[in-house]
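Structural features, examined
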Amino acid sequence: MLNALLIPTEGEVLVDGLDTRDSRNTWAIRQRVGMVFQNPDNQIVGTQVEEDVAFGLENLGIPRQEMRRRVEENLTRVGMLAYRQHPPHLLSGGQKQRVAIAGVLAMQPQSIVLDEATSLLDPKGRLEVRKILVQLHHEGVTLILITHLMEEALLADKLVILNEGRIVLSGSPQEVFGQSEMLRHCHLEAPTVVRLAQALRDQSVALPNRILQVEELVDELCVLKRSI
Amino acid sequence: MRIEAKHLTYIYGPGLPWEKRALSDVSFSIESGEFIGLIGETGSGKSTLVQILNGLLRPTEGTILLDGSDISNRKVDLHRIRAQVGLVFQFPEQQLFAETVADDVAFGPKNLGVPKEEIGKRVDEALLKVGLRPQSLRDRSPFTLSGGEKRLVSIAGVLAMRPKVLILDEVTAGLDPKGKKEILARIQLLHRVEKATIILVSHDMDEIALLSQRILILKEGKLILEGSPVEIFTRAQDVRSAGLDLPTLPRILSDLRCRGFQLPTAIFEVGEAARWIRKELFRAAD
Amino acid sequence: MYPETRSCTVWKLLFPAEGQPLWQWWIFRITDLGIWKACFMSLRLALLVFVTTLLTLVTSPMDLTDALDRLFSFLKVLRIPVHEIAMMMTIALRFIPTLLEETDKIIKAQISRGAPLDRGNIFRRMRGFVSVLIPLFVSAFRRADELAQAMEARCYRGGEGRTRLKEMRLSSEDLWATALALLFCAGTLAFNWMPYRWL
C-alpha cells in the first residue's frame, strides 16, 4: 500500500506529499518507495545479474551511460559486482536478495520496504542481507523492515507491532520489548537477550535498560561481577 | 526402527567434470524412538543424506541398515522403504494437488495399495495426528487452506503411510512464530505419544536444540559433531567452525563461562539462567 | 545423425516419386533421382540442425530476444505487441532453470509418497504425472503473480519510454555477415532452379 500497489479502502497514504489514490502519482511514488519481496526467485526479471539491476532503470527511461554507472555503483554497494554477468539461478538465496536490493537502490528511492525479505533464507543469507541493511541505514537510507524475526527487529530505530490489522505497540525496541504481556497476546516474544536481562532485573540485578545484544549483556555482567 | 549408516559416500555425477562429493564417509546410528536433530549449512549434505535414508538416492559407497536389513542393496524394493521412512520435504504444501484434503492425504496409502476401506480410516487418523479436524476439512480443497494448515495437511499425507521413521526437512521455514510453535508442538507429540523416530533437519539451532535428544552436525559432507544438546553447547568453537551458531541462551552462557563465570552446562530456560547468573554474581561478593 | 533425418532419408530413398529405376522389389524401388534426393534431404536436415546449433551456441538467448524486439519493432504499427512478446520470452528464459529445479523437487516428493512415476502401466504413470503437473502449474501461477507485482513495483509499464542497458549497434562485421548470408541464399535459390540433369 505504501507504494501504490494497493489503494486504501478508507484513509489516505501520503508519500512525500503525494497521495497514492491519485493514479497520476503512481509512478513517482513507486520510484520513491522501493520494494524487496520475500521470495528471491520471483522478483528477479533479468537472465543476468546486471540486467536485472538495470530493469528498473530501463523502465524509468534512464540514458544508457547513466544506467551503466548506477548498475556498477549499486552492485558494488551490495558486494555483488563480481557476479555481474552471472545467471541469477546459480546464486544463493542471500546473493539473490542482495541483487534485488541493488536493483531497488539503483532507482534511487528515498525509502525501501523489505517485505519479509529474509524469511526464506538460511542463517548465512540472513546475515549477509542484515549486514547490507545496517550499512544502508548508516548511509542514510530509510528502511521499513517487515519481519517476524525478533532478532531482526532489534536492528530498527523504531518498531511498530501490528496485530489483526491494528497497530498495538510502537516505539523503540527497548520500549516495545518491555511490554511482554502485549507481545504474548500477539503470539510474539521478546528476543532471548532482552528476556534474560529482564529476568535478571526482576531479581534485582542492576542492569541498564538499553541492553539488546548478546555482547552488551555479557560485558555488563562482567563489569558488575568485578564491581561487586 | 533402528537405522544404521556405515561409511556413506555420495557423489553427484561421478566421473564427470562437475563431479561433486556431497557426502563422504558418514557413519551413525539412530535408535528406535529417538528424536534426532540434523543440522548444517546449506550445501553441507543434509538433503542428500535424507534422500538416501528415504531410498530416493542410492549411496555411491557405504550401506544403510534399517532394522538390520541392508537397503543400499540393488535388489531391495525401494517403495517399501519409502513407506517405512516418511520424508516431509521443505515447503511440502507445494506438493498438494488433489481436489480435496482427503484425496491428497490418501495419495500415499493408495499408492501403497492399501485397501479402500482402510484408506478412509488412515486419512482421519493422520489428520488427527497433526491436530486438524477431519470432519470439517476432509472435503475442502487444499488450496483454500491457510499456509500453516496446508503444511499440516501435507505432513498428514506422509503420516497416512504410517512410517516408522519421520524425516522433516526445514519444516518451519517461512512460517510466522505462532505457526512455527504449533507445528513443533505437533511433532513433539508425535514423538512422545506415537513413539515415532524423528529426524528434524534444519539450519536453525534454536529449533533443533529445543526438541532433539541428539544432534548430528554436518559440514561439507562430513559428520563433524555428534552428541546431546548439552554436549554440543559446551563446544561452541566447533559449532562455529561448522558455520553455525549456538542458540542465544547457550551462547550467552558459553560467553560468560569464557569470561570466568562458573555456570552449569545444562540450562535451557531464561528464568533458570537468570537464577544461576545472579547466584554467581553474589558468590563473587562473598 | 539425428533419428528424424535418418527416417526421412530412408523414406525418400525407398519411395521415390520419379527417376530411372536401378533396383526393385515388391513396392520398394530405388532410382537414381531417389538417391540424389535422399542425399540432398539428409544434407539439408543436417545443415538445419548444424546452423541452429551454431546460432544458439554463439548467441545468448537474451541477445536473440533483444534482437527480435528491435528487428520486429516496425510491426508495432500493425498493433502487434512486439515488446510484450519479447519480454515474455525473456521471462520464460529466466524461469526455465527455476521451474526445472522445482519439477525435480516435486517429482522426488511425489515418488517418496509412492507415486507410480517410475513403474506400472501407462495409465498408472499418467495418474502419477497429474500429481506433478498440478503443483507445478499452481506454483508457476503463483510465481507469475509475484513477479508481476515485483515488476510493477519497479515501475514497469510496458515498452513505452524504455531504454535498454545492452547496446545494439550495427557494425561492419554485421554488414559482412548479412551480405554473405544473402549471397548464400541467392546461390541456393539459383542452384535449386537448375534442372538436375545439368549436374
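Reference entry: report on the structure contained in this document. (Residues numbered from 1 in each chain as written. Chains lettered and ligands numbered in written order. Predicted model: local features only at pLDDT ≥ 70, side-chain atom pairs only at ≥ 80, totals over all residues. Heavy atoms only, no water.)

A few points about the overall build of chain A
Counting its secondary structure elements, chain A contains 10 helices and 7 strands. Considering only C-alpha atoms, chain A reaches an extent of 65 × 45 × 25 Å along its principal axes. Within chain A, the proportion of its 228 residues that are buried is 52%. Long-range pairs, those at least 24 residues apart, make up 50% of the contacts in chain A between residues at least 6 apart in sequence. (Helix = DSSP H or I, 4+ residues; strand = E, 2+ residues; numbered from the N terminus. Buried < 20%, exposed > 50% of the residue type's maximum accessible area, 1.4 Å probe, protein only. Contact = heavy atoms within 4.5 Å.)

Re the packing of aromatic side chains
In this structure the tally under the stated criterion is 4 aromatic pairs over all chains. For the ring pair Phe 55 of chain A and Tyr 156 of chain C, a centre distance of 5.7 Å and an interplane angle of 25 degrees mean the geometry is stacked. Of this pair, Phe 55 of chain A sits in helix H2 (residues 49-60) while Tyr 156 of chain C is found in the loop between helix H5 (122-153) and helix H6 (172-193), placing the two residues in two different chains. An identical accessibility class is assigned to Phe 55 of chain A and Tyr 156 of chain C; each is buried. The ring of Phe 261 of chain B has Lys 225 of chain A sitting right over it, with the charged end atom 4.7 Å from the ring centre. Above the ring of Phe 95 of chain C, the side-chain terminus of Arg 94 of chain C is found at 4.3 Å from the ring centroid. (Phe/Tyr/Trp six-rings, centres within 6.5 Å; stacked < 30°, edge-to-face > 60°. Lys NZ or Arg CZ within 6 Å of the ring centre and 35° of its normal.)

A closer look at the sheet that holds strand S5 (residues 142-146) of chain A
Residues and elements named next belong to chain A. Pairing is parallel across the open sheet formed by 3 strands, whose spatial order is S3-S4-S5. The two strands at the open ends of the sheet, each matched to only one other strand, are strand S3 (33-36) and S5. Direction aside, neighbouring strands of the sheet carry axes that sit 20 degrees apart on average. Sitting on the sheet, helix H4 (residues 93-105) is in contact with S3 and strand S4 (111-115), with an inclination near 165 degrees to S3. (Pairing = 2+ DSSP bridges. Axes fitted to C-alpha atoms, helices over the stretch in contact; angles between N-to-C directions.)

Remarks on the interface of chain A and chain C
Chain A puts 37 residues into the contact, and the matching count from chain C is 28 residues. Summing the contributions of chain A and of chain C, the shared interface buries around 3200 Å²; its carbon and sulfur component is 54%. If you sort the residues of chain A by the area they bury against chain C, Trp 27, Asn 42 and Arg 64 of chain A come out on top, with a joint share of 21%. For the pair chain A and chain C, the number of links is 4 salt bridges. A salt bridge links Glu 58 of chain A to Arg 162 of chain C; the nearest nitrogen and oxygen atoms lie 3.0 Å apart. Listing elements by their share of the side of chain A that touches chain C, those giving two or more residues are helix H1 (26-32), H2 and helix H3 (64-77) of chain A. The dominant element in the side of chain A that touches chain C, judged by the number of residues it contributes, is H2 of chain A, at 11 residues. (Buried area = accessible area lost by both parts, 1.4 Å probe. Salt bridge = Lys/Arg side-chain N within 4 Å of Asp/Glu carboxyl O.)

Thoughts on the pattern of salt bridges
Considering all chains together, one arrives at 38 salt bridges over all chains under this definition. Ionic pairing is found between Glu 152 of chain C and Arg 30 of chain A, a salt bridge with its closest N-O pair at 3.3 Å. Of this pair, Glu 152 of chain C sits in helix H5 while Arg 30 of chain A sits in helix H1, on two different chains. Residue Glu 152 of chain C is classed as partly exposed on the basis of its relative accessible area, which comes to 36%. Owing to a relative accessible area of 5%, Arg 30 of chain A belongs among the buried residues under this scheme. Note that Asp 104 of chain B and Arg 113 of chain C form a salt bridge whose closest N and O atoms lie 2.9 Å from each other. With one member in each of two chains, Asp 104 of chain B in helix H3 (residues 101-112) and Arg 113 of chain C in the loop between helix H4 (82-112) and H5 form a pair that bridges those chains. Like Arg 113 of chain C, Asp 104 of chain B is buried.

Examining empty space enclosed by the protein
In the structure shown here, the tally under the stated rule is 6 cavities of 30 Å³ or more. Considered as a void within the structure, the largest cavity measures approximately 140 Å³ in volume. Glu 58 of chain A together with Met 62, Met 87, Thr 90 and Arg 164 of chain C are, among the 14 residues lining the largest cavity, the residues nearest its centre. Breaking the lining of the largest cavity down by element, the ones donating at least two residues are H2 of chain A together with helix H3 (61-71) and H4 of chain C. Here the element with the most residues in the lining of the largest cavity is H4 of chain C; it accounts for 4 residues. Grouping the amino acids of the lining of the largest cavity by side-chain chemistry returns 5 nonpolar, 3 polar and 6 charged. A volume near 80 Å³ is recorded for the second largest cavity. If you trace the second largest cavity, you find it lined by Leu 87, Val 88, Phe 89, Pro 92, Gln 95, Leu 96, Ser 154 and Val 158 of chain B together with Ala 109, Ser 112 and Arg 113 of chain C. Listed by contribution, the elements that provide at least two residues to the lining of the second largest cavity are strand S6 (85-88) and helix H6 (147-159) of chain B together with H4 of chain C. (1 Å grid on protein atoms, 1.4 Å probe; cavity = no way out; pocket = protein on both sides within 12 Å on 5 of 7 lines; lining within 4 Å. Points joined across faces, edges and corners; volume = space filled by probe spheres on them. Nonpolar A, V, L, I, M, F, W, Y, C, P; charged D, E, K, R; others polar.)

Examining the interface of chain B and chain C
Frequently, the measure chosen for interface size is the accessible area that the parts lose on association. Chain B puts 21 residues into the contact, and the matching count from chain C is 22 residues. Summing both sides of the interface, chain B and chain C together bury roughly 1900 Å²; the carbon and sulfur share of this comes to 56%. Area buried by chain B at its contact with chain C is led by Gln 94, Gln 95 and Asn 111 of chain B, which between them contribute 30% of it. Remark: the boundary between chain B and chain C carries 6 residue pairs in polar contact (both at pLDDT 80 or more). Counting residues per element, the ones that place at least two in the side of chain B that touches chain C are helix H2 (78-84) and H3 of chain B. (Polar contact = N/O pair within 3.5 Å; in protein donor to acceptor, adjacent residues only side chain to side chain.)

Details of the sheet that holds strand S9 (residues 214-219) of chain B
Residues and elements named next belong to chain B. With respect to topology, 6 strands assemble into an open sheet ordered S6-S7-S8-S3-S9-S10, the strand pairing being mixed. Whereas interior strands pair on both sides, the edge strands pair on one side only; in this sheet they are S6 and strand S10 (222-227). With direction set aside, neighbouring strand axes in the sheet form an average angle of 20 degrees. Here S9 runs beside S10; their pairing, made up of 5 bridges, is antiparallel.

So, a nonpolar patch on the surface
A contiguous nonpolar surface patch, about 860 Å² in accessible area, is contributed by Leu 68, Leu 71, Phe 72, Phe 74, Val 77, Leu 78, Ile 80, Ile 85 and Met 89 of chain C. Considering the arrangement of structural elements, one finds Leu 71 of chain C in helix H3. (Patch = residues over 30% accessible without salt bridge, like charges linked within 9 Å, V, L, I, M, F, W, Y side chains within 5 Å. Areas by Shrake-Rupley, 256 points an atom, 1.4 Å probe, with all protein chains shown as cover.)

Here's the deal with the nonpolar core
Nonpolar side chains tend to gather and get buried jointly when the protein is soluble and globular. Residue and element names in this part refer to chain B. Formed by 41 residues in total, the largest nonpolar core has its most connected members in Leu 38, Ile 64, Leu 66, Ile 167 and Ile 199. Residue contacts for Ile 167: discarding those within four places in its chain leaves Val 50, Leu 53, Val 85, Gly 86, Leu 87, Val 88, Ile 199 and Val 201. Ranked by size, the runner-up nonpolar core spans 35 residues in total, among them Leu 132, Ile 155, Val 158 and Leu 211. (Core = buried A, V, L, I, M, F, W, Y, C linked by side-chain atoms within 4.5 Å.)

Take it as geometry only, folks, not as evidence of what the structure does.
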